[in-house]
Amino acid sequence: MHPATQPPRAIRELPDELISQIAAGEVVERPASVVRELVDNALDAGATQITLRLLAGGVRLISVEDNGVGIPATELPVALKRHATSKITSLTELESVGTMGFRGEALAAIQSVSELSVLSRTAAQDSAMLLDGRTGELQPAARAQGTTVEVKELFYSTPARRKFLKTDNTELAHCVEAVRRHALTRPEVGFAIWHEGKLVEQWRSQTLDATSGEDRQLHYQRALDRRLADVLGDDFLQNSVAVHYQSGHVTVVGRAGIPDAARSRADHQFAYVNGRYVRDKVITHAARSAYEDVLHGHRQPIYALYVEIDPTRVDVNVHPTKIEVRFRDGREVHQAVRHAVENALAVPRANMLMAHALENHELPMVGTSLVPPAAPAWPNAHWQQAAMPLAGTRVSDVGALWQPTPPTHLAAEEQTAQSFAPSAFSAANTPAPSLQDAAPETWPLGKAIAQLHGVYILAENAQGLVLVDMHAAHERIVYEQLKTQIDAQRISSQPLLIPATFPATVQEVATAEACAEALQALGLEISTLSSKTLAVRAVPSTLAQGDAVALARSVLAELSQHDASTVVQRARNELLATMACHGAVRANRKLTLDEMNGLLRQMEVTERSDQCNHGRPTWRQLTMRELDALFLRGR
């Protein structure tokens, strides 16, 4: 019978059991949901060791044991009541909650769809007390300090929900993933997972020895790195860089994967806010935007980012499972995360590998500086490469590589690009330091020994052989120098002769009116013509030849949720990347050894030089061990 044809019913209060079962529908989706809630409670109790035991993927049994402070016997019956908690007592505490759980509805919701029992003992009790959730019976039992929560026959009272569960192995995988997310943020806590009496996963606790602030932070970072390696594998640690950034109220730490470690799926992206695993669009978008300049195609970056922020500036009470949060100032968090990842990825990886080798005494210490002097600025020229004979000038003498050509008819894109071409080069013929005077052991990318088919540079360093794609590497060098010079200038605005009008949504109109100052800082002037029409009156000078309406729509869309400066920056960088691509040294160009070495030295001091503008790698390392394996040496 259709609901509209049913006879009307009287409004009445629902029974408590039905209320709890409805709440369980939001909180308890599958066995992994129960695991997450119970591990949250164990961590809030100060546990340093948590053991999870499962049967049939968690459907027949979920047992979570901890060594926390325990629950007093008098409070055990209260713990199973709806909205009973020790975490908060007032609205003020709710707005600044720092615990994993706080609603007080998890145990009641779980009890309504399963057979639940709680065994707990505090330090002050002579024995533990066992509470049967179905009967409410309380009796003494044997246990050390801590709590054990057992959940049997999940969804036995709601068989329709049980039919939606997957196979035991699938449910087990979800339970392991739930614990893994907790383990990644709490290295000082040990975790063990048992299934059908067999140990599935175990991550031992990492000790934090130091007590002072700075030392404790350093020890925590090392413990976190060890836990990341234990949980995600040594490859994650080897293929990632440390992240540490602080801005205003936000601190971001963790590790960001190098572009070469990107995956086809986003299954290695972990974001935490004040120790809580979250799926947040602001953080995800910020991290992805930080990789735009270095990631090839639609690959997904890997990272583990930990955002620390004043609890009063983030609302965690916006989702039943607490997996989503809402920031008071989303743009503040977006900028912090983006800059944190960008800064970490900017350091040339070759220098980091060399520094690591020196720290571990893998290379001989030499009195020469590890980082060579910065290369001079690029000359002002139309980007046409001049002839360079085999015995010509050095790449380090960059002025001689580019000779101004007579002005010719340029395409609109090139005419636009002239407005932010690099400044004039005054010391084109300054000789580079003699390569023979420096110690090659201190050069991260080594000393050039040959050129292969006019495309690749072969170099020898302490680890073995380095292969460099000279066009890709030079393209990144030119690109980064163009960006640096543009960033040093204030974004100028160019008024449009005829304003570009377009029909706008209510959201776009509201954003344009509320964010007028932010738009002006980006070089955009957008005014309201009517409740449904906006007009673009000025755009950034560097993007004057582009589509003003498309730019305005993109900026307004980003500004309503994130940091809109990324839109202008992205459009500007696309133009600079085109210039750099046409300005870089071409393939099949014969270079002298000094020119090759000059290019290698520039790569070592150029940010993001490990990838070209399109996200492809610029160099590869073949170690002596890998070369020996190719020829079966030592076997």
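Residues numbered from 1 in each chain as written. Predicted model: local features only at pLDDT ≥ 70, side-chain atom pairs only at ≥ 80, totals over all residues. Heavy atoms only, no water.

1. Description of the overall build of the protein
Step number 1: Within the protein one finds 20 helices and 22 strands.
Step number 2: Buried positions account for 48% of the 635 residues belonging to the protein.
Step number 3: For the protein, the proportion of contacts with a sequence separation of at least 24, taken over those separated by at least 6, is 70%.
Step number 4: Looking at the protein as shown, the accessible area adds up to about 31,600 Å², and 53% of this sits on carbon and sulfur atoms. (Helix = DSSP H or I, 4+ residues; strand = E, 2+ residues; numbered from the N terminus. Buried < 20%, exposed > 50% of the residue type's maximum accessible area, 1.4 Å probe, protein only. Contact = heavy atoms within 4.5 Å. Areas by Shrake-Rupley, 256 points an atom, 1.4 Å probe, with all protein chains shown as cover.)

2. Describing the packing of helix α14 (residues 470–487) against helix α19 (residues 593–604)
Step number 1: Interaxial distance between α14 and α19 falls to 10 Å at its minimum, and their mutual angle equals 50 degrees. Here α19 runs oblique to α14, going by the angle between their axes. In this structure, α14 crosses over α19, and the sense of that crossing is left-handed. For the pair α14 and α19, contact is made by Met470, Ala473, His474 and Ile477 and by Leu599, Gln602 and Met603, respectively.
Step number 2: Along the lines of polarity and charge, the residues of the contact of α14 with α19 split into five nonpolar, two polar and no charged. (Axes fitted to C-alpha atoms, helices over the stretch in contact; angles between N-to-C directions. Parallel < 35°, antiparallel > 145°, perpendicular 65-115°, else oblique. Left-handed = near helix turned anticlockwise from the far one by under 90°. Nonpolar A, V, L, I, M, F, W, Y, C, P; charged D, E, K, R; others polar.)

3. Re helix α2 (residues 31–44)
Step number 1: Over its 14 residues, α2 extends 20 Å from the first C-alpha to the last, a length consistent with the 20 Å expected when each residue adds 1.5 Å.
Step number 2: Taken across its 14 residues, α2 has eleven buried, putting it largely inside the fold.
Step number 3: Looking at the residues trailing α2, positive phi occurs at Gly46, about 80 degrees. (Expected span 1.5 Å × (residues − 1).)

4. Points about unusual backbone geometry
Step number 1: For Ala56, which is not glycine, the phi torsion reads 55 degrees and is therefore positive.
Step number 2: Tracing the backbone through its elements, the reader meets Ala56 in the loop between β1 (49–55) and β2 (61–66).
Step number 3: Although it is not a glycine, Leu632 adopts a positive phi angle of roughly 60 degrees.
Step number 4: By relative accessible area, which is 52% here, Leu632 ends up exposed.

5. Topic: the packing of aromatic side chains
Step number 1: Under the counting rule described, the total for this entry stands at two aromatic pairs.
Step number 2: Taking 5.0 Å as the distance between ring centres and 10 degrees as the angle between the ring planes, the aromatic pair formed by Tyr272 and Tyr306 counts as stacked. With Tyr272 in strand β11 (residues 269–273) and Tyr306 in strand β13 (residues 303–309), this residue pair connects regions lying 34 residues apart in the sequence. In terms of burial, Tyr272 and Tyr306 fall into one category: buried. (Phe/Tyr/Trp six-rings, centres within 6.5 Å; stacked < 30°, edge-to-face > 60°.)

6. Description of the sheet that holds strand β10 (residues 250–257)
Across a sheet, paired strands are connected by hydrogen bonds in the backbone, their directions being either parallel or antiparallel.
Step number 1: Read across the open sheet, the five strands follow the order β9-β10-β13-β11-β12; overall the sheet is mixed. The open sheet has two edge strands with one neighbour each: β9 (240–247) and β12 (276–277).
Step number 2: Across the sheet, helix α11 (residues 330–346) touches β9, β10 and β13, and the angle it forms with β9 is around 140 degrees. (Pairing = 2+ DSSP bridges.)

7. Considerations on the pairing of strand β8 (residues 198–203)
Step number 1: With five bridges joining them, strand β7 (residues 190–195) and β8 adopt antiparallel strand pairing. If you follow Ile193 over to β8, its bridge partner there is Glu201.
Step number 2: In this antiparallel pair of consecutive strands, β7 and β8, the connection spans two residues, and Glu196 shows a positive phi of 55 degrees.

8. Regarding the packing of helix α15 (residues 506–514) against helix α17 (residues 548–559)
Step number 1: At a minimum axis distance of 9 Å, the contact between α15 and α17 shows a crossing angle of 80 degrees. Our classification of the angle between α15 and α17 gives roughly perpendicular. Contacts between α15 and α17 involve Glu508, Thr511 and Ala512 from the former and Arg553, Leu556 and Leu559 from the latter.
Step number 2: Taken together, the residues that form the contact of α15 with α17 break down as three nonpolar, one polar and two charged.

9. A few points about the pattern of salt bridges
If charged atoms from side chains of opposite charge come close, those side chains can pair.
Step number 1: As enumerated under the stated definition, the model contains 22 salt bridges in all.
Step number 2: Residue Asp267 pairs with Arg265 through a salt bridge whose shortest N-O separation is 3.8 Å.
Step number 3: In this structure, the salt-bridge partner of Glu604 is Arg601, at a minimum N-O distance of 2.8 Å. Highlighted residues: Glu604 and Arg601, both in helix α19, separated by three residues, approximately one helical turn. Both residues of the pair, Glu604 and Arg601, count as buried.
Step number 4: Overlapping salt bridges, with partners in common, bring together Asp293, Arg476, Glu480, Glu607 and Arg608 in one network. (Salt bridge = Lys/Arg side-chain N within 4 Å of Asp/Glu carboxyl O.)

10. Some remarks on the sheet that holds strand β19 (residues 493–503)
Step number 1: With respect to topology, three strands assemble into an open sheet ordered β19-β21-β20, the strand pairing being antiparallel. In this open sheet, the two edge strands, each paired with only one partner strand, are β19 and β20 (525–530). The average undirected angle you get between the axes of adjacent strands in this sheet is 20 degrees.
Step number 2: Most of the contacts of α17 go to β19, to which it runs at about 80 degrees, and overall it touches β19, β20 and β21 (533–540).

11. Structural notes on the environment of Glu460
Step number 1: The residue Glu460 is located in strand β17 (residues 456–461) in this model.
Step number 2: Along the backbone, Glu460 and Gln621 are 161 residues apart, and their C-alpha atoms lie at a distance of 9.7 Å.
Step number 3: Excluding its chain neighbours within four sequence positions, the residues that come into contact with Glu460 are Gly446, Lys447 and Ile449.

12. As for the confidence of the model for the protein
Close reading of the predicted structure is inappropriate where its pLDDT is low.
Step number 1: Per-residue confidence for the protein averages 79 on the pLDDT scale, and 78% of its residues sit at or above 70.
Step number 2: Taken element by element, the protein is modelled with least confidence in helix α13 (residues 412–418), mean pLDDT 39, and with most confidence in β7, mean pLDDT 96.
Step number 3: Low pLDDT, under 50, characterises residues 364–438; the stretch is placed with 139 contacts to residues that sit more than four places away or in other chains. (pLDDT = per-residue confidence, 0-100.)

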